[in-house]
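# Structure assessment
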Amino acid sequence: MKTFLRLYIDSYRGLSRPAWLLALVMLVNRTGAMVLPFLGLYMTQALGFSIREVGVVLACFGLGAITGSWLGGWLTDRFGNFWVQALSLFVAVPLFAILPLFTSVHALAAAIYILSVVTESFRPANSVSVARYARPENITRAFSLNRMAINLGFSVGPALGGFLASISYHWIFYGNAIGAFAAAVIFVLFFYRRKGAKRAKAAEHTARASMVRSPYRDWTFLLFSLLCCAYAICFFQLLSTLPLFYQKTHALNEQQVGLILGFSGLVVVVFEMLLVHMAERRLTYATSIGLGTVLCAISFAMLPIPADYWILYASIFLLSISEIWAMPFMASVAVKRASRQNQGAYMGLNALAFSAAHVFSPFLGTRIADEFGFNVLWSGTAIVLVGVAAGLYLVVRKMQG
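All residue numbers refer to positions counted from 1 along the written sequence of the respective chain. Thresholds applied to this predicted model are a pLDDT of at least 70 for local features of residues and 80 or more for the giving and counting of side-chain atom pairs; totals over whole chains, interfaces and linings are not thresholded and use all residues. The side-chain numbers reported here are obtained from all heavy atoms of the structure, hydrogens and water having been left aside.

### A closer look at the overall build of the protein
Here a strand is any run of E in DSSP of at least two residues, a helix any run of H or I of at least four, and the numbering for each starts at the N terminus. When you go through the protein residue by residue, the secondary structure sums to 17 helices and zero strands. Looking at the protein residue by residue over its 401 residues, the buried ones come to 57%. The contact criterion used is simple: two residues touch if any of their non-hydrogen atoms lie within 4.5 Å. The contacts of the protein with a sequence gap of at least 6 include a subset with a gap of at least 24, amounting to 88%. All accessible-area figures derive from a Shrake-Rupley calculation using a 1.4 Å probe, and residue coverage is judged against the displayed protein chains alone. Surface exposure of the protein reaches about 16700 Å², of which carbon and sulfur atoms provide 67%. Remark: exposure states derive from per-residue accessible area (1.4 Å probe, protein chains only) relative to the maximum for the residue type, with buried under 20%, exposed over 50%, and partly exposed in between.

This is how it looks when you write it as structure tokens:
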């Protein structure tokens, strides 16, 4: 027990103060993030949209995320990560507040697209910020701390969102606006004029500037990003088809769905830093990412099993462990592949891979579920993930070798 506690405490040591402050900003922002997990239920329950129409609107969120990820990376390399993050948070506030005014499929799809462009431009800027403030030997754990804060907020946000949705769905939009505003204020107070750690001399910076390559011409990294996108297409059903499955197959209400999604976030909060610390010491990037992807396959393969609620919690537990072992190391691969001059572009492409999944995941998932049923969807997802796991293992091993 003492060894376990020592290892758990060690997993938090060595992280810089700015890394903790960034995590606090993410915690506040994600605690208020209630819209996306309940957007599918909102459209079917409150607006009467069909499953296919829900898929169209959620796909527009993904299209906006693609645009925002590219735009955020481009702006970060030119104007700095601070201004991109601050503007993204502040502009999101009124957009969340007016979202209930759009009640038709086309109007809501357009509004969701614009909102997604704004909110997702935050991601590459934030990733660059984490990399700049982290010590080189702690980059993966710095990303893990940030993600742990996200998931701590995600464990509270959906539970609170489920409660608010049971009163009125409009409250989840207002709650998200309040969360974004609070995060923006805290971020500006902590990080205005704060400088990142210096990692290279000016002479080295000038010498390497001419050697900078575009991530869009780095074919190995492009293949890695494509495989990350495939993983994310499967994983992000957590935010689209999985809540619909809970409701339609297991007859769960909004509060019960919120509790399961909140449990997912709680698992990541409790185990992420410890498991990432252990993986850094004992596993290669390729092994950790491959193992995480396999666990994702097992998680979805469990869903067709006829059983009570325990199977849903067992499945979401494995899905959360998958996230822990795959996503932080995917971000670290991107950071280490980039130079300091184009970190924004590399992190933007990495974010774009996940953003593209927001298009294909709901679009494909809702159509397969509607046409063939949820069991076919889950079985097919598991099969695809096994192939993705093998591909990621081989590509990352090549990149690290």
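### Concerning the environment of M34
Inspection of the secondary structure assignment puts M34 in the loop between helix 2 (17–31) and helix 3 (35–45). Along the sequence, M34 and F173 sit 139 residues apart, while their C-alpha atoms lie 7.2 Å from each other. Excluding residues that lie within four positions of it along the chain, M34 makes contacts with G157, L160, G161, L164, I172, G175 and N176.

### Here we look at the packing of aromatic side chains
Between the rings of Phe, Tyr and Trp (Trp by its six-membered ring), a pair exists once the centres lie within 6.5 Å; its type follows the angle of the planes, with under 30 degrees stacked, over 60 edge-to-face, and the other angles tilted. In this structure the tally under the stated criterion is 23 aromatic pairs. In textbook terms, an aromatic cluster arises when at least three aromatic residues are bridged by ring pairs, as seen for F82, W83, F187, F191 and Y192.

### Digging into helix 6 (residues 105–120)
An α-helical turn contains 3.6 residues, so any two residues separated by three or four positions project in the same direction. When the terminal C-alpha atoms of helix 6 are compared, their 22 Å separation across 16 residues agrees well with the 22 Å that a helix rising 1.5 Å per residue should span. Listed as buried for helix 6 are V105, L108, A109, A111, I112, L115, S116, V117, V118, T119 and E120. Tucked inside the fold, the buried residues of helix 6 contact helix 3, helix 4 (51–79), helix 5 (81–98), helix 7 (122–133) and helix 16 (343–372). One less than the residue count of a helix, multiplied by 1.5 Å, gives the span that helix is expected to have.

### Things to note about the nonpolar core
The term nonpolar core refers to a set of buried residues drawn from Ala, Val, Leu, Ile, Met, Phe, Trp, Tyr and Cys, joined through side-chain atoms within 4.5 Å. Counting residues in hydrophobic clusters, the biggest one holds 130 residues, and the most contacted among them are M43, F224, Y231, L242, Y246 and M330. For L242, the residues in contact, after removing those within four places along its chain, are Q237, L303, I316, L319 and W378.

### Section: the packing of helix 11 (residues 219–235) against helix 16
Between helix 11 and helix 16, whose axes approach to 8 Å, the crossing angle comes to 35°. Seen along the crossing, helix 11 lies across helix 16 with a hand that is right-handed. Counting all contacts with helix 11, which are made through F221, L222, F224, S225, C228, C229, A232 and I233, the residues of helix 16 involved are Y346, L349, N350, A353, F354, A356, A357, F360 and S361. Note on geometry: axes are C-alpha line fits, over the in-contact stretch for helices, and angles between N-to-C directions span 0 to 180 degrees. Crossings are assigned a handedness: left-handed for a near helix turned anticlockwise from the far helix by less than a right angle, right-handed for a clockwise turn.

### Some thoughts on the pattern of salt bridges
Throughout this description, the term salt bridge denotes a Lys or Arg side-chain nitrogen within 4 Å of a carboxyl oxygen of Asp or Glu. Under the criterion given, the structure shown has four salt bridges. Between E371 and R52 there is a salt bridge, with the nearest N and O atoms lying 3.4 Å from each other. Of this pair, E371 sits in helix 16 while R52 sits in helix 4, and the two are 319 residues apart along the sequence. Across the pair E120 and R123 runs a salt bridge, and its minimum N-O distance is 3.2 Å.

### Some remarks on unusual backbone geometry
Look at A251: it is not a glycine, yet its phi comes out positive at around 55°. As for its placement among the helices and strands, A251 is situated in the loop between helix 12 (241–250) and helix 13 (254–282). Residue A251 is classed as exposed on the basis of its relative accessible area, which comes to 61%.

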